[in-house]
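What follows is each chain in one-letter form.
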Amino acid sequence: MIQISSDISKAIELLNREDVVAIPTETVYGLAGNIYSEKAIRKIFQVKQRPLFNPLIVHIASIDQLEKVAREFPIKAQKLAEAFWPGSLTLILPKKSNIPLIVTGGKDTVGVRIPNHPITLSLLKQLSFPLAAPSANPYNRISPTSSYHVKGYFENTLPLVLEGGECKNGIESTIIGFENNEAILYRLGAISVEDIEKIIGKIQIKNKSETTPNAPGMLAKHYAPKTKMYLLNDIDEFIENNKSKKIGVLKFKGELNTTRFEHIEILSISGDLKEAASKLYSTLHKLDSLNLDIIVAERFPNVGLGKSINDRLERAIK
Ligand code: TXA
Ligand code: MG
């Protein structure tokens, strides 16, 4: 049985024993283990049922721990780290040789970030090792933004979720790597492209799925609810044509009108994309639990965090 507790010392004890613990971050909850423990890392992959080629993000407490993990730190990476750490930015950097290849999916690079959550920062500061942590969901399922979601997924397979409340940003970190000294954005995330470009100028985006993607989490199907889902520009016509179905609607903003379908969720009444992003996964979890025939989501405006939200919705319908 999984325990939910905000007692950091319990997490420390389990992690020191090479076990795996779910931890809160400002993006989503993570499944954390000691990066130097093969036992812990294998358990992460096994519990999550994640293929071994898909690398894990390494979480550190402060920027001076970076030299333990990465062997190069390009100028643009420094600028981004300065602007956004602790925070929802993962940098892909050439790895130090002592980082086990199982953590990095066999790659010579390592994804690293300093999360911005007081409990997890405090935990990291008290440990003698960084934590590898993918999102705490089974492979291809919706990421967890509360301890309750983690418990739903891993009731019988994990010893502890460190309680840290609802994740403030609610969507995974933005991932940036470097090719020939050029910064490349591999995953749209909690920091918008516009905010990244304010720091380092125009950035190339390679967020689309490939057969051998640089960020394997970018495989087409990901973040998916079990209920069949559609992403549409105009949901009204669809609802009209599917009157016999139990439909749940996911909308960005606007008025409530519940007569034509079973259930509606509005992510931000005032039309704030940050608020919408923070509620996206918890709302998908909720809609997925209502035994609906169909979830229809409205496409978001393609600016700022709207791009990241559309990206996740597109992966949820595949
Ligand atoms: O917000 C987040 O990033 C959360 C929290 C827990 O920190 N973590 C997270 O981890 O989303 P995960 O494993 O679900 O997604 C990490 C993504 C994967 O798509 C993985 O392929 C990519 O990061 N990644 C990690 N290390 C990489 C590397 N060395 N090269 C390329 N991609 C990498
Ligand atoms: Mg994930």
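These lines cover the structure that appears in this document, whether it is placed above or below. (Residues numbered from 1 in each chain as written. Chains lettered and ligands numbered in written order. Predicted model: local features only at pLDDT ≥ 70, side-chain atom pairs only at ≥ 80, totals over all residues. Heavy atoms only, no water.)

1. Details of the side chain of Ser308
With respect to the secondary-structure elements, Ser308 resides in helix 9 (residues 305-317). The exposure class of Ser308 is buried, given its relative accessible area of 2%. Discounting residues that sit within four places of it in the chain, Ser308 has contacts with Ile171, Leu188 and Gly189. (Helix = DSSP H or I, 4+ residues; strand = E, 2+ residues; numbered from the N terminus. Buried < 20%, exposed > 50% of the residue type's maximum accessible area, 1.4 Å probe, protein only. Contact = heavy atoms within 4.5 Å.)

2. Focus: the nonpolar core
Of all hydrophobic cores here, the largest spans 74 residues; its most connected members are Leu91 and Ile176. If you tally residues by element for this core, the top one is helix 8 (residues 273-288), at 7 residues. Excluding its chain neighbours within four sequence positions, the residues that come into contact with Leu91 are Phe73, Ala77, Leu80, Ala81, Trp85, Val110, Gly111, Val112, Ile176 and Phe178. Among the nonpolar cores identified, the runner-up in size contains 17 residues, and Ile8, Val21, Leu160 and Leu162 belong to it. (Core = buried A, V, L, I, M, F, W, Y, C linked by side-chain atoms within 4.5 Å.)

3. Here we look at the sheet that holds strand 13 (residues 247-251)
Taken together, 4 strands build an open sheet; the order of strands is 12-15-13-14 and the sheet is parallel. The open sheet has two free edges, formed respectively by strand 12 (228-232) and strand 14 (263-266), since each of these has just one partner strand. Sheet twist, expressed as the average angle between the axes of neighbouring strands with direction ignored, equals 20°. Contacts from helix 9 reach strand 12, strand 13 and strand 15 (294-298) within the one sheet, and its direction differs from that of strand 12 by about 140°. (Pairing = 2+ DSSP bridges. Axes fitted to C-alpha atoms, helices over the stretch in contact; angles between N-to-C directions.)

4. A closer look at the layout of surface pockets
By rolling a water-sized probe across the atoms, one finds the places where empty space is left. In this structure, the second largest pocket occupies an estimated 290 Å³ of space. As for the second largest pocket, its lining consists of Arg141, Ile142, Tyr148, His149, Gly152, Tyr153, Lys226, Ser282, His285, Lys286, Asp288 and Ser289. Those elements giving two or more residues to the lining of the second largest pocket turn out to be helix 5 (147-154) and helix 8. (1 Å grid on protein atoms, 1.4 Å probe; cavity = no way out; pocket = protein on both sides within 12 Å on 5 of 7 lines; lining within 4 Å. Points joined across faces, edges and corners; volume = space filled by probe spheres on them.)

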